[in-house]
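Chains, contacts and geometry: an overview
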Amino acid sequence: MPLTPSLAAASEHFTASEQSVYEVGAIAASFGFFGVIWLDRQLLVLDSYGWLVDFVQRGQPVTDSILPVIGLEDEIIALRNSPDRVIELPAVAVAEAGRTAHKMNFTFFWNSAQDGPIVLAYRSSSQTELEIELSKQIRARLMAEAEVTAKSKELARANADLESFAAIVSHDLKAPLRHVRCLAEAAAQDPAGSSDAELLQKLHDIEAQAQRMSQMLTALFDYSELGRKYEALEIVDTLALMETIRRTFSRSSMAIKIDGQWPALSTLKALLDLVLRNLINNAAQHHDRDSGVIVVACRDSQQALVMTVSDDGPGIAAEHHASIFLPFRTLACVDTARSTGMGLAMVKKAVESAGGTISVASNPALQRGTTFTIHWPKYISL
Amino acid sequence: MMSRKVMLLGEIGVGKSSLARRLVFDKFEFDYKPTIGVDIYRYEVPDSPGRPRMTLIVWDTDGNFGEAMFKHIYMKEAAGALIIGDMSRPPTLETMSKLGQGFSEKFPGRHIGYIVNKTDLVQNPDMLALPPFLTRPGASLARTSAKTGSHVAEAFIHAADAIARRSV
């Protein structure tokens, strides 16, 4: 609603709108305008904020109600050059102890006749309800936007997962399938020429390959699920987490030593647990001696936790350092290994899902042992 | 008496109003009531040698405003901002960075203090890792609990000192 810059019009406007009056000190009444406060321009600026000269001259301290005006003096004075302009300062309250303060709406405009600014100060319960409703709607919109953003991220992740899933299925799962087909063909081509024992062996081989394929599919499913099951961030005491992993580690022949500084941080607990647990299991599983030591250490760098998992096993030759993180890759013999070759692939995927990196260092020609180093971000944005 | 306007900025529910009410009235209300618009508090900063007597006019803003706040008339003549996040909700800490950046662009040279609130919800709050922008050298960071009152007054007094030093 446009406001006419005159006291009379302002007064009319105020009465007509049936808004209740918010009293700003006793000054309003002294001017005879109910709810209209006249502020001469020299009142507005003082060397320190919080006191208005006019009120001081009248021997009255500024009430807290006028606090919202502080800082706006220059802006209000500038209204003189723009007589049609108004400044709206909506929904401001001066907080009071023990009760809800009424929200005030300030409207400033210039009174050309008096060559000074006018401020209308009023409150309206209906307007407050409207503001509450608007606030709810804004909040709902923000939440919806956040949800869309999260879904988009999830979709991008899902698409990337799908691509890698398809590549793995088409390449690696063909091997046992091919094996089964060859064995079946061999058995079918010359059934009379084969002894019962040979035929039985072929059937056993087919069964073993089928079992292997089933294990691979299960592991592949777990791998594909990883990263999709995004959990909420939670505050994790990493030292307590490591202690739990050590306590529940099943191979007593391997000693686990925890070293360094393990801070608390807000992170994806299940992913971190999976990474540490898998690396420890991997170190134990591929150890070539009856007993050994696995050292899990952590140091706090500026942006990441730098965790290392070191073992005193046989080590990994440099030419295998890249391939060990690929799905279904294991350096152990496939037929004898208990591993599906998915452990390190899952570790890498988990680390990268959290925004971190993993690397391996080992040189069996020089010395035994392997060290995996993980840079795990201290601050994760979902 | 020097009076200076300080904005409280941060996402909804991080505890802006609770901090202001703890500071000024030394009270904590368990019922959450979102702020609509702005609530204004007056805080007489305890005297300190070397700093002029100061009143902080604390503007407790509606978290809905977000970055749009910087274009609003509410921000006029702000001498500084305290940007608040909830220690138990990491995304609110991320928002602090954006708000800090927005404020420093709009009001270069003005004081920005970062407050990570709700330390009472976290075990060993000093140990908890925070986003790098909060812990970088020179950043003004306070870990507070409006519920217990821990470090609340210190955070505001520190802001008053910084504002006085900058002669804003």
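Residues numbered from 1 in each chain as written. Chains lettered and ligands numbered in written order. Predicted model: local features only at pLDDT ≥ 70, side-chain atom pairs only at ≥ 80, totals over all residues.

Bringing the overall build of chain B into the picture now. In terms of helices and strands, chain B carries 4 helices and 6 strands. Across chain B, the fraction of contacts at a sequence separation of at least 24, relative to all contacts at a separation of at least 6, is 71%. (Helix = DSSP H or I, 4+ residues; strand = E, 2+ residues; numbered from the N terminus. Contact = placed C-beta atoms within 7 Å.)

What follows is about the overall build of chain A. For chain A, the count of helices and strands is 11 helices and 12 strands. Put simply, chain A has 382 residues, and 29% of those count as buried. (Buried ≥ 20, exposed ≤ 12 C-beta atoms within 10 Å, placed from the backbone.)

As a further point, take unusual backbone geometry. Residues and elements named next belong to chain B. One non-glycine residue, K118, lies in positive phi territory at about 70 degrees. Residue H151 is not a glycine yet carries a positive backbone phi of 65 degrees. Considering the arrangement of structural elements, one finds H151 in the loop between β6 (140–143) and α4 (152–166).

Another aspect to go through is the packing of helix α7 (residues 174–189) of chain A against helix α8 (residues 196–225) of chain A. Residues and elements named next belong to chain A. Running from N to C, α7 and α8 point in directions that differ by 165 degrees, and their axes come no closer than 9 Å. By the angle between their axes, α7 is roughly antiparallel relative to α8. The element α7 and its partner α8 pack so that their crossing is left-handed. Residues P176, L177, H179, V180, L183, A184, A186 and A187 of α7 lie in contact with α8, whose contacting residues are L199, K202, D205, I206, Q209, A210, R212 and M213. Of the residues belonging to the contact of α7 with α8, the class tally is 11 nonpolar, 2 polar and 3 charged. (Axes fitted to C-alpha atoms, helices over the stretch in contact; angles between N-to-C directions. Parallel < 35°, antiparallel > 145°, perpendicular 65-115°, else oblique. Left-handed = near helix turned anticlockwise from the far one by under 90°. Nonpolar A, V, L, I, M, F, W, Y, C, P; charged D, E, K, R; others polar.)

Pairing between the strands of a sheet is mediated by backbone hydrogen bonds and can be parallel or antiparallel. All names here are of chain A. Spatially, β7-β9-β10-β12-β11 is the arrangement adopted by the 5 strands of the open sheet, whose pairing is mixed. The open sheet is flanked by β7 (254–260) and β11 (357–361), the only strands paired with a single partner. Each strand of the sheet is rotated relative to its neighbour by a mean of 15 degrees, with strand direction disregarded. In terms of strand pairing, β7 meets strand β9 (residues 292–300) through 7 bridges, oriented parallel. Its bridge partner being in β9, I256 is matched across the sheet by I294. Running at roughly 140 degrees to β11, helix α11 (residues 343–353) makes contact with β11 and β12 (370–377) of the sheet. (Pairing = 2+ DSSP bridges.)

This next bit is on the confidence of the model for chain B. Close inspection of predicted coordinates is inappropriate for parts of the model with low pLDDT. Looking at chain B, pLDDT values average 88 and 94% of them are 70 or higher. Taken element by element, the predicted model of chain B shows its lowest mean pLDDT in helix α3 (residues 132–135) of chain B (89) and its highest in strand β5 (residues 111–117) of chain B (96). (pLDDT = per-residue confidence, 0-100.)

The next thing to look at is the packing of helix α1 (residues 16–25) of chain B against α4(B). Residue and element names in this part refer to chain B. Taken N-terminus to C-terminus, the directions of α1 and α4 make an angle of 90 degrees; their axes are 9 Å apart at the nearest point. The orientation of α1 relative to α4 falls into the category roughly perpendicular. On the side of α1, the interface is formed by L19, R22 and L23, while α4 contributes V152, A153 and F156.

Residue and element names in this part refer to chain A. Residue placement: G343 occurs in helix α11. Of the residues examined, G343 has 21 C-beta atoms within 10 Å and is grouped as buried. What G343 contacts, discounting residues up to four positions off in sequence, is N278, N281 and N282.

With that settled, consider the environment of Y114(B). Residue and element names in this part refer to chain B. Here Y114 shows up in strand β5. C-beta crowding within 10 Å serves as the criterion here: with 26 such atoms nearby, Y114 is assigned to the buried category. Sequence separation between Y114 and S140 is 26 residues; the distance between their C-alpha atoms is 5.9 Å. In this view, Y114 contacts I83, M96, G100, L134, A139, S140 and L141; residues no more than four positions away in its chain are not counted.

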